[in-house]
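# Chains, contacts and geometry: an overview
Given next are the chains, with one letter for each unit.
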Amino acid sequence: MIDSILRFSIRHRLLVVVGTLCVGALGVLSLRRLPIDAVPDITNNQVQINTLLASLSPSEMEKRVTFPIETALAGIPGLLSTRSLSRNGFSQVTAVFDDDVNIYFARQQVTERLSEARENLPAGAEPKMGAISTGLGEITMWTVEYAEPHVVTGEGDTGWQSDGSYRTPEGERLTSPLELAAWLRTVQDWIIRPQIKSVLGVAGVDVIGGYVKQYHVRPDPMKLVSYGLSFGDVIEALERNNVSTGAGYIEHKGESYLVRVGGRIEDPAQIADISIAMRRGTPIRVRDVATVGVGRELRTGSASENGEEVVVGTALMLIGANSRTVSKAVTTKLAEIDQHLPAGVHAKLVLDRTKLVDATIATVRKNLIEGAVLVVVTLFLLLGNARAALITALIIPFAMLMTFTGMVQTKLDANLMSLGAIDFGMLVDGGVIMVENCLRRLGARQHAEGRKLTGPERRSEILEACCEMARPSLYGCAIILMVFAQILFLTGVEGKMFRPMALTVIYALIASF
């Protein structure tokens, strides 16, 4: 079969050249689509389920939330193991699946089991699955902070005021450190986060720092007792007066007029005006028995930069996405968002995976170019023929382009481990012995004839020379392939680390042959 391929190639030389160029063009297109990362992603195939319930202690969370969820997940096809973590008011269950299980199938199975488990969970417990990302999914980080120095804007405009306070676009004045930090978190959660999540390839956005803004009502027990009220009366009044009501519509002269009452609370003053009860025809309002003000949700962590409170956002990449492309898109989007943030607020990039990937690519590119140049120079010195050295050296770029095509088709990403393992000397071994044998036979035939060989004579000698070396070349390639094929049987972390490298080398060897 090899002899037939060689005869066909020599007989249809132009067709082979055109086919080779087409394969090279396909490789260039594949290179543009090839996912590129710094290191292999060794994270296992997992789904995380997080549950918050502030009223339960760690032991209660373990018994009433964590254990029922773990029990409900048992028996899912492809499930390898589960592990859990129970803290005060927090439960996390991690379900680990086989590597060949589709992550979306796994999440669907988990969703179905959670729907069954909810009836056994305490009231208020709402299990939620984590983002479809991995341990290396944190590709971009930024801080939301107040720009320095604090430039005073016009009185009444958004930004810093002459009295040291900050005026929001809604007209609210922020004076205390709590209010200022809460405003940064509000900008992150309501302006930046939704736009970053719309970027293609982003699975989610994690946030730490600042304060989640809340309105706190602090009743005075003595005043409640004096009016004959309880905490439950205050809570019931707040819930009753924070509801919008619709009453259908009224038709008038062929037109419909919607009837509704907007009862949603919008500011602390409206909370203070809520009526709790009536005493002798006089309404008892919230402000009569409690103080109302801006507060914060309890937090377990904070973020700072240079000693100043900031908010840190992290973009999580979707599993299987191109980290370099997604990171660049997030960086571009963040720069666009920063231009439209309220005056005095700034979103600053602090971590960009693109820089790490670009540095890795530069290292790989440098090593590949130096290796290719060294091989070409060595070939020229050994073969003593510039055309023969050039023909042999062309194996390197075309084999690499074909390798990129194979990596794209099998969804392998390029990284320092996979590309750095390619040895150019190994790629050109078969070509060197073929070209050298061709030169030897052509020289011997020309010396025997005592004249220059004709075209048919040269092609005949080249065919014979290639047929002689094809099988030894195939055997040598097969031996190396068998060495790397053993790596494909690795599992777990070792498999995720080394199998992409082995597959890349195998693709390159097959392409070079």
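Parameters at a glance
Here the residue numbering is sequential within each chain, running from 1 through the sequence in written order. Residue-level local features of this predicted model are given only where pLDDT is at least 70; pairs of side-chain atoms are given and counted only at 80 or more, and the full residue set underlies all totals for whole chains, interfaces and linings. Heavy atoms throughout the structure, all of them, feed into the side-chain values; hydrogens and water do not. What counts as a helix is a DSSP run of H or I of at least four residues, what counts as a strand is a run of E of at least two, and both are numbered from the N terminus. Within these notes, the globule rule equals 2.2 Å times the number of residues to the 0.38 power, and the radius of gyration is based on C-alpha atoms. Any residue under 20% of the maximum accessible area for its type is buried, any over 50% is exposed, and the rest in between are partly exposed; the area is computed with a 1.4 Å probe on protein chains only. Method for areas: the Shrake-Rupley scheme with a 1.4 Å probe, in which residue coverage is limited to the protein chains shown. Charged-residue counts in this description rest on Lys and Arg as positive and Asp and Glu as negative, His and the chain ends being excluded. The location of each charge is read from NZ of Lys, CZ of Arg, CG of Asp or CD of Glu. In summary, the pairing rule links any two rings of Phe, Tyr or Trp, Trp by its six-membered ring, whose centres are within 6.5 Å, and it sorts them by plane angle into stacked for under 30 degrees, edge-to-face for over 60 and tilted for everything else. Strand pairing is assigned whenever DSSP detects at least two bridges linking the two strands. Between N-to-C directions, angles span 0 to 180 degrees; the directions come from axes that are lines fitted to C-alpha atoms, helices contributing only their stretch in contact. Should a side-chain nitrogen of Lys or Arg be within 4 Å of a carboxyl oxygen of Asp or Glu, the pair is scored as a salt bridge. Here a patch means residues that are over 30% exposed by relative accessible area and free of salt bridges, tied together within 9 Å if like-charged and within 5 Å if nonpolar (Val, Leu, Ile, Met, Phe, Trp, Tyr). Side-chain atoms alone can form a polar contact between residues adjacent in sequence; in general such a contact is a pair of N or O atoms within 3.5 Å, and within protein one must be able to donate a hydrogen while the other accepts it. Residue contacts are defined here by distance: any two heavy atoms, one from each residue, within 4.5 Å place the two residues in contact. For a crossing to be left-handed, the near helix must be turned anticlockwise from the far one by less than a right angle; the clockwise case is right-handed. Side-chain classes are defined by residue name, with Ala, Val, Leu, Ile, Met, Phe, Trp, Tyr, Cys and Pro counting as nonpolar, Asp, Glu, Lys and Arg as charged, and the others, Gly among them, as polar.

Glancing now at the overall build of the protein. Helix and strand counts for the protein come out as 18 helices and 19 strands. Taken over C-alpha atoms, the radius of gyration comes to 35 Å for the protein, far larger than the 24 Å a tight globule of 513 residues would show. Counting across all 513 residues of the protein, residues that qualify as buried make up 39%. When the accessible surface of the protein is summed, it comes to about 29,000 Å², and 59% of that surface belongs to carbon and sulfur atoms. Distance from the positive charge centre (51 side chains) to the negative charge centre (53 side chains) of the protein: 6 Å.

To continue, consider the packing of aromatic side chains. As enumerated under the stated definition, the model contains four aromatic pairs in all. Seen from their ring centres, Trp 160 and Tyr 166 are 5.3 Å apart, and the 75 degrees between their planes marks the pair as edge-to-face.

Turning next to the sheet that holds strand β18 (residues 311-317). Spatially, β9-β18-β5-β19 is the arrangement adopted by the four strands of the open sheet, whose pairing is antiparallel. At either end of the open sheet lies a strand with only one pairing partner, and these are β9 (202-209) and β19 (345-352). Between one strand axis and the next, the sheet turns through 25 degrees on average, direction left out of account. Pairing of strand β5 (residues 138-146) with β19, which is carried by seven bridges, proceeds in the antiparallel orientation. Opposite Thr 140, over in β19, you have Asp 352 as the bridge partner.

Before going further, it helps to examine the pairing of strand β12 (residues 255-261). Two elements, strand β11 (residues 245-252) and β12, share six bridges in a ladder whose sense is antiparallel. Considered in β12, the bridge of Gly 246 is made with Arg 260. Between β11 and the antiparallel strand that follows it, β12, lie two residues; Lys 253 among them carries a positive phi value of about 55 degrees.

Turning our eyes to something else, we now look at the pattern of salt bridges. A full pass over the atoms with the stated rule returns 24 salt bridges. Salt-bridge contacts for Asp 163 lead to Arg 173; the nearest nitrogen and oxygen are separated by 3.6 Å. Separated by 10 residues along the polypeptide, Asp 163 in the loop between β6 (159-160) and β7 (166-167) and Arg 173 in strand β8 (residues 173-174) bring together distant segments of the chain. When its relative accessible area of 55% is taken as the criterion, Asp 163 is described as exposed. One salt bridge connects Glu 370 with Lys 366, and the closest N-O pair in it is separated by 3.1 Å. Of the two residues, Glu 370 and Lys 366 both sit in helix α11 (residues 353-383), four residues apart, roughly one turn of that helix. According to the relative accessible area criterion, Glu 370 is partly exposed, its value standing at 44%. One network of salt bridges, with partners in common, ties together Arg 440, Arg 441, Arg 445, Glu 449, Arg 451, Glu 457, Glu 461 and Glu 468.

To continue, consider a positive patch on the surface. Together, Arg 13, Arg 387, Arg 458 and Arg 459 give the surface a local cluster of positive charge. Within the secondary structure, Arg 459 is located in helix α17 (residues 455-485). Since its relative accessible area comes to 32%, Arg 459 is described here as partly exposed.

Turning next to a nonpolar patch on the surface. Among the surface-exposed residues, Ile 369, Val 373, Val 377, Phe 380 and Leu 381 lie close enough to one another that they form a single nonpolar patch of about 490 Å² accessible area. Checked against the element boundaries, Phe 380 lands in helix α11. Phe 380 gets classed as partly exposed once you look at its relative accessible area, which sits at 43%.

Of note, Thr 143 is situated in strand β5. When its relative accessible area of 4% is taken as the criterion, Thr 143 is described as buried. Side chain to side chain, Thr 143 and Glu 145 meet in a polar contact 3.2 Å long. Beyond its immediate chain neighbours, meaning those up to four positions away, Thr 143 contacts Glu 305, Val 310, Val 311, Val 312, His 346, Ala 347, Lys 348 and Val 350.

This part is about the packing of α11 against helix α12 (residues 386-393). Packing of α11 against α12 leaves a shortest axis separation of 8 Å and a crossing angle of 145 degrees. The handedness of the crossing between α11 and α12 is right-handed. For the pair formed by α11 and α12, the contact residues are Val 376, Leu 379, Phe 380 and Leu 383 on the first element and Ala 386, Ala 388, Ala 389, Thr 392 and Ala 393 on the second. Tallied by class, residues from the contact of α11 with α12 come to eight nonpolar, one polar and no charged.

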